[in-house]
Amino acid sequence: MDMQQGKSVTVQGTVQDPGGEPIPGVNIVVGGTTQGTITNMDGEYTLDAPSDGTLVFSFIGFTSQSVPVEGRSTINVTLEEEAVGLDEVVVTALGIKRERKALGYSMQEIGGDEVLESREANVANSLSGKVSGLQVIKSSAGPAASSKIVLRGNSSLTGDNQPLIVVDGIPVDNFTGAENNDYWNPSLDMGNGLGDINPEDIESMSVLKGASAAALYGSRAGNGVILITTKSGKEQKGVGITVSASLGIESIFTNPDMQKTFGQGTEKTFDNQSTSSWGPKIEGQELEMWDGQTRPLQAYDNVGNYFDTGISQDYSVSFQQKYDNTSVYTSFTHKDDQSMIPGSDLKRTNLTARVSNVFGPNEKWSMDTKVQYINTNAQNRPLLGVNASNAYYTMYLLPVSLDIRKFDPSVDENGNMIWYGSSSQVNPYWGANYNLNEDSRDRFILHSSLKYEFNDWLNAEVKGGSDRYTTNTESKVYGGSPLTPTGRYSLGKQVFHENNFSALINASRDNLFGKVGGSAMLGGNLMARKNSGLKSNSGELEVPNLFALNNGVDNPTISESFVEKKINSLYGNVQVNYDSYLFVEGTFRNDWSSTLSEENRSFFYPSVTTSLIATDMVDKMGGTLPAWLTFGKIRASYAEVGNDLSPYQLYNTYWIGKDPLGNTTAGVDDILFNPNVRSELIKSLEFGAELRLFSNRLALDFSWYKSNATRQLINLPMDPQSGYRYKKINAGDIQNKGIELMANAHLIKQPGGFNWNMQINYSKNENTVEELAEDVQTYELGGFDNVKVMAEAGAMYGEIYGTTFLRVTDENSEHYGELLLDGNGLPQADPELKKLGNQQPDAMLGVINSFSYKGLNLSFQVDGRFGGEIFSGTNQGMQLAGTAAVTAPGGEREDMVVDGVYESSGSYVVNDQSVTTQQYWTAVAGNGNVGIVEANVYDATNIRLRNINLSYKLPQRWIKGSPLQRAKIGMTLNNVWLIHSNLNGVDPESVFATGSNAVGFENAAPPTSRTYLFNLTLGF
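The shown structure was predicted, so the numbers you read here are calculated from the model rather than taken from an experiment. (Residues numbered from 1 in each chain as written. Predicted model: local features only at pLDDT ≥ 70, side-chain atom pairs only at ≥ 80, totals over all residues. Heavy atoms only, no water.)

A. View of the overall build of the protein. Scanning the protein for helices and strands turns up nine helices and 57 strands. The C-alpha atoms of the protein give a radius of gyration of 32 Å, which matches the 31 Å a tight globule of 1020 residues would have. Along the three orthogonal principal directions, the C-alpha set of the protein runs to about 110 × 70 × 70 Å. For the protein, the proportion of its 1020 residues judged to be buried stands at 54%. (Helix = DSSP H or I, 4+ residues; strand = E, 2+ residues; numbered from the N terminus. Rg over C-alpha atoms; globule rule 2.2 N^0.38 Å. Buried < 20%, exposed > 50% of the residue type's maximum accessible area, 1.4 Å probe, protein only.)

B. How the structure looks around the pairing of strand β25 (residues 365-379). By the bridge criterion, 15 bridges tie strand β24 (residues 345-359) to β25 in an arrangement that is antiparallel. Looking at the pairing, Arg-354 lines up with Lys-370 of β25. The turn linking β24 back onto β25 is made up of five residues, and Gly-360 within it adopts a positive phi angle of 90 degrees. By the bridge criterion, 15 bridges tie β25 to strand β26 (residues 435-453) in an arrangement that is antiparallel. Counterpart to Val-371 in the pairing with β26 is Leu-446. (Pairing = 2+ DSSP bridges.)

C. Geometry of the sheet that holds strand β50 (residues 901-904). Strand order in this open sheet of three strands is β44-β50-β51, and the pairing throughout is mixed. Edge positions in the open sheet fall to β44 (820-821) and β51 (907-910), since each of these has one partner strand only. Alignment of β50 against β51, held across four bridges, turns out to be antiparallel. In the strand pairing of β51, Val-901 is matched with Val-910.

D. Just the pattern of salt bridges, in detail. Tallying each qualifying case throughout the model produces 43 salt bridges. Across the pair Glu-792 and Lys-835 runs a salt bridge, and its minimum N-O distance is 3.6 Å. On the criterion of sequence distance, the pair formed by Glu-792 in strand β42 (residues 787-792) and Lys-835 in strand β45 (residues 829-838) is long-range, its members being 43 residues apart. Looking at Glu-792, the relative accessible area reads 17%, which means it is buried. According to the relative accessible area criterion, Lys-835 is partly exposed, its value standing at 41%. Arg-807 is the salt-bridge partner of Glu-934, the closest N and O atoms lying 3.0 Å from each other. You can see Glu-934 sitting in the loop between α8 (917-925) and β53 (937-939) and its partner Arg-807 sitting in the loop between β43 (795-805) and β44, a full 127 residues away along the chain. In the salt-bridge network here, residues are joined through shared partners; they are Arg-152, Lys-209, Lys-633, Arg-635, Glu-686, Glu-690, Arg-692, Asp-701 and Glu-740. (Salt bridge = Lys/Arg side-chain N within 4 Å of Asp/Glu carboxyl O.)

E. Focus on the domain arrangement of the protein. With domains assigned, the protein is organised as domain 1 (8-78) and domain 2 (107-251 + 311-806 + 839-869 + 945-1019). Relative placement of domain 1 and domain 2: their C-alpha centres are 44 Å apart. On the domain 2 side, the residues contacting the 11 residues of domain 1 number 11 residues. The contact between domain 1 and domain 2 buries some 900 Å² in all, and 51% of this surface belongs to carbon and sulfur atoms. There are zero residue pairs in polar contact (both at pLDDT 80 or more) connecting domain 1 and domain 2. Here the side of domain 1 that touches domain 2 is composed, by residue class, of three nonpolar, five polar and three charged. (Domains from an automatic or database assignment. Contact = heavy atoms within 4.5 Å. Buried area = accessible area lost by both parts, 1.4 Å probe. Polar contact = N/O pair within 3.5 Å; in protein donor to acceptor, adjacent residues only side chain to side chain. Nonpolar A, V, L, I, M, F, W, Y, C, P; charged D, E, K, R; others polar.)

F. A look at a nonpolar patch on the surface. Taken together, the side chains of Leu-247, Ile-249, Ile-311, Phe-754, Tyr-853, Leu-856, Leu-858, Leu-950, Met-971, Tyr-1012 and Phe-1014 make up a nonpolar region of the molecular surface, amounting to roughly 850 Å² of accessible area. When contributions to the nonpolar patch are tallied by element, the ones reaching two or more residues are β17 (241-254), β47 (856-866) and β57 (1008-1019). The exposure class assigned to Ile-311 is partly exposed, which follows from its relative accessible area of 31%. (Patch = residues over 30% accessible without salt bridge, like charges linked within 9 Å, V, L, I, M, F, W, Y side chains within 5 Å. Areas by Shrake-Rupley, 256 points an atom, 1.4 Å probe, with all protein chains shown as cover.)

G. Spotlight on the packing of aromatic side chains. Evaluated as defined, the whole model comprises 29 aromatic pairs. Aromatic pair Trp-365 and Tyr-452: ring centres 4.6 Å apart, planes at 50 degrees, arrangement tilted. Of this pair, Trp-365 sits in strand β25 while Tyr-452 sits in strand β26, and the two are 87 residues apart along the sequence. For Tyr-452, a relative accessible area of 22% gives the class partly exposed. (Phe/Tyr/Trp six-rings, centres within 6.5 Å; stacked < 30°, edge-to-face > 60°.)

H. Inspection of the side chain of Ser-147 at higher detail. Mapped onto the elements, Ser-147 comes out in strand β12 (residues 147-151). Among the residues examined, Ser-147 registers a relative accessible area of 1% and is labelled buried. Leaving out residues up to four positions away in the same chain, Ser-147 has contacts with Asn-122, Ala-124, Asn-125, Val-136, Ile-137, Lys-138, Gln-162, Thr-176 and Asn-192.

I. Layout of empty space enclosed by the protein. Going through the model one piece at a time under the given rule, you end up with 16 cavities of 30 Å³ or more. Computed from the structure, the largest cavity encloses a volume of approximately 780 Å³. Contributing to the lining of the largest cavity are 46 residues, with Glu-120, Ala-121, Asn-125, Ser-1009 and Thr-1011 lying nearest its centre. If you list the elements that add at least two residues to the lining of the largest cavity, you get α1 (112-117), β17, β22 (310-323), β23 (326-338), β24, β54 (942-953), β55 (966-980) and β57. (1 Å grid on protein atoms, 1.4 Å probe; cavity = no way out; pocket = protein on both sides within 12 Å on 5 of 7 lines; lining within 4 Å. Points joined across faces, edges and corners; volume = space filled by probe spheres on them.)

J. Looking closely at the nonpolar core. Counting 47 residues, the largest nonpolar core has Tyr-306 and Ile-404 as its most contacted members. Secondary structure elements with two or more residues in this core: α3 (302-306), α4 (391-397), α5 (428-434) and α7 (873-881). Sort the elements by how many residues they give to this core and α4 lands first, with six residues. Aside from chain neighbours lying at most four places away, what touches Ile-404 is Asn-302, Asn-305, Tyr-306, Met-395, Leu-398, Trp-419, Pro-428 and Tyr-429. (Core = buried A, V, L, I, M, F, W, Y, C linked by side-chain atoms within 4.5 Å.)

K. The arrangement of the confidence of the model for the protein in detail. For the protein, per-residue confidence averages 90 on the pLDDT scale, and residues scoring 70 or more make up 98% of the total. Low pLDDT, under 50, characterises residues 1-5; the predicted model gives this stretch 11 contacts beyond four residues in sequence or across chains. (pLDDT = per-residue confidence, 0-100.)

L. Representation of the sheet that holds strand β48 (residues 869-872) in the model. Sheet architecture is open: three strands sit in the order β53-β48-β56, paired in mixed fashion. Of all the strands in the sheet, just β53 and β56 (1001-1002) have a single pairing partner and so form its edges. When β48 meets β53, the two strands line up antiparallel, connected through three bridges. Of the residues in β53, the one forming a bridge with Glu-869 is Asp-939. Where α7 meets the sheet, it contacts β48, β53 and β56, and its direction lies at approximately 35 degrees from that of β48. (Axes fitted to C-alpha atoms, helices over the stretch in contact; angles between N-to-C directions.)

M. Representation of the packing of α7 against α8 within the structure. In the contact formed by α7 and α8, the axes pass within 8 Å of each other and the chain directions differ by 145 degrees. Regarding α7 and α8, the two cross each other, and that crossing is left-handed. Counted together, Gln-876, Gln-879 and Leu-880 of α7 and Trp-921, Thr-922 and Ala-925 of α8 form the full contact between these two elements. (Left-handed = near helix turned anticlockwise from the far one by under 90°.)

N. Up close: the pairing of strand β35 (residues 664-668). In terms of strand pairing, strand β34 (residues 654-658) meets β35 through five bridges, oriented antiparallel. Each bridged residue has a counterpart across the sheet, and for Ile-656 the counterpart in β35 is Ala-666. Between the antiparallel neighbours β34 and β35 lie five residues, among them Gly-662 with a positive phi of about 90 degrees.

O. Structural detail: α8. For α8, the tally of buried residues reaches seven of nine residues, placing the bulk of the element in the interior. Within the sequence span of α8, burial applies to Thr-917, Gln-918, Tyr-920, Trp-921, Ala-923, Val-924 and Ala-925. If you follow the buried residues of α8, they end up packed against β18 (265-266), β43, α7, β49 (896-897) and β52 (914-915).

P. Spotlight on unusual backbone geometry. Put simply, Asp-408 and Pro-409 share a cis peptide bond, and its omega is 10 degrees. Looking at the element boundaries, Pro-409 is found in the loop between α4 and α5. Its identity as a non-glycine residue notwithstanding, Ser-695 has a phi of 55 degrees, on the positive side. Take Ser-695: it is sitting in the loop between β37 (680-693) and β38 (698-717). Note on Ser-695: relative accessible area 53%, which makes it exposed. For Asp-785, which is not glycine, the phi dihedral falls at a positive 55 degrees. Within the element layout of this structure, Asp-785 appears in the loop between β41 (778-784) and β42.

Laid out in structure tokens, this is it:
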């Protein structure tokens, strides 16, 4: 070391991150020399340097800093995080770590802290707005409700269109929603598998969006992959114990707009037995109510009065530490979420233990083992659909002059339900206490791997993992209500397991031939899945409220199911790079599936990608780059993947059962299966570019993609006289074409001071049905009665069809296009179903702003869905019942003359007939089961302030000398503000069924919630 330039001085100090946390392992070098040191576990360092020299501080993931010594003996430094590390290593398919710059496809990685900050009960919900091209479709069925994830649009007519979820290299089952999405009586929303994952355990999430990114996963990755990497144990300052607690308060976020000026009755006449709000104007008049008591007529906020204030509590203790070559991570987390929905409660306990170590001669062996246990118990999941047991639908339709609190307690001295009139509705309080359901799921996610390093360029690994769970369900319906006079009882059990065993050999070496480097991988996987179920129902109970299967009036009914599937796979890749700026990679995978016939059992999926780091190329060729251009890359990829076939889709089998009298019955299903069907095939093309500008102050990532999903599995209608209704065939082509833009900007960077970062995620996708089968133009995805959500050849995926107002169709008439009314001057429905909209958004946008000042951090997220339509069954039902605000505009109900014409003696006459408000809305909302559909199809555009997060890390000097190593307090607010919506207070995110591809349909869901969460984290 040359000290002649200036007198030597001993410099000491601390290096910390923008939040004030010390950073261990920071490299500190005297500029122009090799003399240096690294920081210790407390971020401290000591180094001799020339008094007029310069210290260079560098650490992976942070921007390097050069600091003049200027004779100082103490220099404290705050390193700033890079927008995106140019040489950042990310987790890709099969858990392989790669340099981000080498990737020829689009992917996004989310840190575990970002997932945890939102404090969502379901991990899936924390992804909203954070990933371009990713849409989270939520159910509002309480704290244990499901959420559906769609990446880059829908690619299948019959599949669930969700990405594969992989945790530490092991695929896990992401069951979603309800088994039955019937309009009148759907089954319970049982949540989704991803919701079992503990956000406290997540290190990072990688979203592989395109087919090229997911190609190595083959037929299971036709809709992309979400890779979750959990914490594995890192060296920690202190003991390594972290304790955290969170308290949440839940209230109504938004609920339907209701009128408050007209009470119980019909045609402005009071009727204390009426189930509608078409009665007299509420003016405090004394009237005899349903219970025989005389009280002033007044309006009540029944929705607000019925719902409770929800309370959620989360407690977590984790330990992570590294001892020589052994890393240990273990955690315990318990969640108790008592919903604002009366009687609904979710309890979840997560236990995780993970150990990884390096051992053997020359430390060539490494092993990683993890055991994760989850117990989930949900009580009284909400009953949805248009049925008497749906408390929320009852609340929306309840006459506004009835006070719901008068029905609590809900039973009389004889144990019978208290309710008014002769309605078949169920008292919501009675439902919360006497119409009960409970389910408990015990789940294990197991993982173990053994790896051997032959040398510095060749290694091999074997891995095994299992996802297994048992779900027990119980339902009790007490007697004394319109549902049952004596009670009903049912039990169910579902057992699932999936085992995966794989082997992998990997080689990687730079400068194989001059500047040419390369890597290669070859592996295989064995997957086996079994799913069995058993359900039994007592029917009507013999002894009232004695809940036993053998206490039924008739013999209990029993149903059972069994599904088994296996996939054997061989896969590999080869990558070549030139001078680390030009990369070309090819992958292949061949699957052998048990669900396909012997002739079609084997199918091959290839992909090819390339990326060019233009800035590195120019630099290494001796060129000069503009000072503002830090990094530039272009990429391209092509891939083929598929959506696999479900089991038992090849051959017709018989079913056997019992009729109500105990006689044996048998039959065959109404679908004629085809042994020649194959899995769906997706062909995908993608181009993209990445830029880093102004010394990484601005990062941009743009993608254009196009995918075509062919060989769709379609049920082709058949002549009923054949004995079958449908025939299973391969046909059709569904296309997704779109763009994605990700931007990350450090708008203000002041090391150790104020910082402002903005992240933008934008996507636009066109999801079209290019063709279906020959002579088939439409395929129904879902809906009910006169509302149909369709896949139509030559149109967008998810077209919403329904009845419209009957209009004059004679183009030569001066009244062309006007409403054609009936003889009473009321609207009529055109019986022909017409296209009214599409369920797909035109674009999605998420904007996240993050601010920090020393240990204080503030972030908020605004996201929006633009375009697309949705049918609202809630609005329709409320209009018919007279509770919707639109039925009393300005608080009045004046008679009206509907604009339109009626037909008389072969000509059109301008309408001059007056009708009452009730007559009008009965004609509009009471036509069939769903009214005139056109009246309740709404623009689904919505913009919301999704969340606000505020946290403060206590300065180290405050806790110095105590057992604490770090302390953080925070507050999170979710669903802050619905800035813009068009559904009259109904949340556009409250879809009826997440387990269906028909998500343009909303029907009597509970109000969505707003949560305030306060959290404390202590590290020891």
